[in-house]
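Structural features, examined
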Amino acid sequence: MNDTLIIMPAFNEEKNIPGVIKSIKNLDLPLDILVVNDGSRDNTGKIASAEGVDVISHPCNLGYGAALQTGFKYAEMRGYKYVVQFDSDGQHCAADIPSILDVLKNRKFDIVIGSRFLGNPNYSIRLSKRIAIKFFRILIRILAGSDITDPTSGLKGLNARAFRYHSSDQNYPQDFPDADVLIKMLYLKYCIGEVPAHMMDRQSGKSMHSGLKSVLYIFKMMISIFMIILRGNLSKEVS
Amino acid sequence: MNIQLRLFIFVCGIMFSLIVLNLLIKKRISEKNSLVWFGLSLCIFILSAFPSIVDSAATLLGIDYPPTLLFLMSILVVIFMSLNHYIQLSVLNSRLKEMTQQVAIINFRLKSIENRLGYSEALDEDINNNIGKGNDGYE
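Only a predicted model underlies this, so the values are computations on that prediction, with no experimental measurement involved. (Residues numbered from 1 in each chain as written. Chains lettered and ligands numbered in written order. Predicted model: local features only at pLDDT ≥ 70, side-chain atom pairs only at ≥ 80, totals over all residues. Heavy atoms only, no water.)

Some words on the packing of helix α3 (residues 64–78) of chain A against helix α6 (residues 160–167) of chain A
All names here are of chain A. Following both chains from N to C, one finds α3 and α6 inclined at 120 degrees, their axes separated by 8 Å at the closest point. Taken together, the axis directions place α3 and α6 in an arrangement best described as oblique. At the point where α3 passes α6, the crossing takes the left-handed sense. Residues Q69, F72, K73, A75 and E76 of α3 touch α6, and the partners they reach there are F163, R164, H166 and S167. Class assignment for the residues of the contact of α3 with α6 results in 3 nonpolar, 3 polar and 3 charged. (Axes fitted to C-alpha atoms, helices over the stretch in contact; angles between N-to-C directions. Helix = DSSP H or I, 4+ residues; strand = E, 2+ residues; numbered from the N terminus. Parallel < 35°, antiparallel > 145°, perpendicular 65-115°, else oblique. Left-handed = near helix turned anticlockwise from the far one by under 90°. Contact = heavy atoms within 4.5 Å. Nonpolar A, V, L, I, M, F, W, Y, C, P; charged D, E, K, R; others polar.)

This is the structure we're talking about:
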């Protein structure tokens, strides 16, 4: 067993996942890879197993956040020191893993985010997504006093302290962990850093966020952030 | 309120209590959850016995047409119960999530152990076949 686990939540990603696993294996680093197959209806689980990685399969679909949390629970159970969450749809670049791990291990950060904007401010994405990211970035700066250039990035490295906190029941959203989780972690005095990362367009299939859903998503996120602030203030008053 | 209507409401109350009691006996609802339904049937009884309560309450709240108060109250009760169901659903959902995650992890660990022990599907079938054969312990 190595001390680092790559967690790849996967839902119906049979087309993308073999390439992604190969690209991580090609790094030739001392890493274990875990695919959390979140109740896929295709052969994601079998195909990932055939690539020689560990696969935990949910009997039914629970959501992206819950799949990640299963990975955190497993990492805690097995005593891993570091985890990197890595999307299985091919949008993250395996070459960014070493720099994330380097910063995580040597610079005393609890969470290291792979940011697509750091060192590349002109990175082109859809306008709506750009506005949403900008909005959350400003919100985090106002509420938690930290400048995080890419709060919606799904490429993150976490140390044991951070993923153990996430692995406990109510501490992680079941659907999409996002700016709300970052604000909460900053409130709880976890250190969050960023490294530049490359993101690619999806190789195949449909993205998680699109259309009206993304508008509702922003509202849901606002409520979630508001609750974190409210609970934070309440617990301060109690203690 | 005429006597027929009062009688009708009273019968409704009785039917309602009997349904709740029946569900309780069959263990289809828990004692704790039955409280609110018994409370509701008690309200129906009280209303059929003293319909003037509605009139006085309506006057107190400044409602011109007393029956609207009844509708208002029923809608509020329904909304409250719906909210209560949402709460229970959320609780069940988070428990289900936890269970599913645990089952997935345990399944994975079980398979790893089986692989390490060289436990194949053929062996699995073998064991299943043997369960049926020569096992007359329960007969």
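The rest of the description comes next.
Brief notes about the packing of α3 of chain A against helix α4 (residues 67–116) of chain B
It is the contact of α3 of chain A with α4 of chain B, at a shortest axis distance of 10 Å, that shows an interaxial angle of 50 degrees. With respect to each other, α3 of chain A and α4 of chain B are oriented oblique. The interaxial crossing formed by α3 of chain A with α4 of chain B has right-handed handedness. Two secondary-structure elements touch here, α3 of chain A through A66, Q69, T70, K73, Y74, M77 and R78 of chain A and α4 of chain B through K97, E98, Q101, Q102, I105, F108 and R109 of chain B. Of the residues contributing to the contact of α3 of chain A with α4 of chain B, the split by class is 5 nonpolar, 4 polar and 5 charged.

Overview of the interface of chain B and chain A
Contacts between the two partners involve 12 residues from chain B and, on the opposite side, 19 residues from chain A. Carbon and sulfur atoms make up 64% of the area that chain B and chain A hide from each other, which totals about 1300 Å². Considering only the side of chain B, the residues that lose the most area to chain A are K97, I105 and F108 of chain B, jointly responsible for 42% of the buried surface there. Its salt-bridge partner being E98 of chain B, residue K73 of chain A comes within 3.0 Å of it at the nearest N-O pair. At the boundary of chain B with chain A, the tally comes to 6 residue pairs in polar contact (both at pLDDT 80 or more). (Buried area = accessible area lost by both parts, 1.4 Å probe. Salt bridge = Lys/Arg side-chain N within 4 Å of Asp/Glu carboxyl O. Polar contact = N/O pair within 3.5 Å; in protein donor to acceptor, adjacent residues only side chain to side chain.)

Regarding empty space enclosed by the protein
Residue and element names in this part refer to chain A. With the rule as written, the count across this model stands at 1 cavity of 30 Å³ or more. The space that makes up the largest cavity amounts to roughly 40 Å³. Lining the largest cavity, in full, are Q85, I111, K156, L158, H166, Y172, V181 and L182. Of all elements in the fold, only β6 (156–159) and α7 (179–187) reach the threshold of two or more residues within the lining of the largest cavity. Grouping the constituent residues of the lining of the largest cavity by class yields 5 nonpolar, 2 polar and 1 charged. (1 Å grid on protein atoms, 1.4 Å probe; cavity = no way out; pocket = protein on both sides within 12 Å on 5 of 7 lines; lining within 4 Å. Points joined across faces, edges and corners; volume = space filled by probe spheres on them.)

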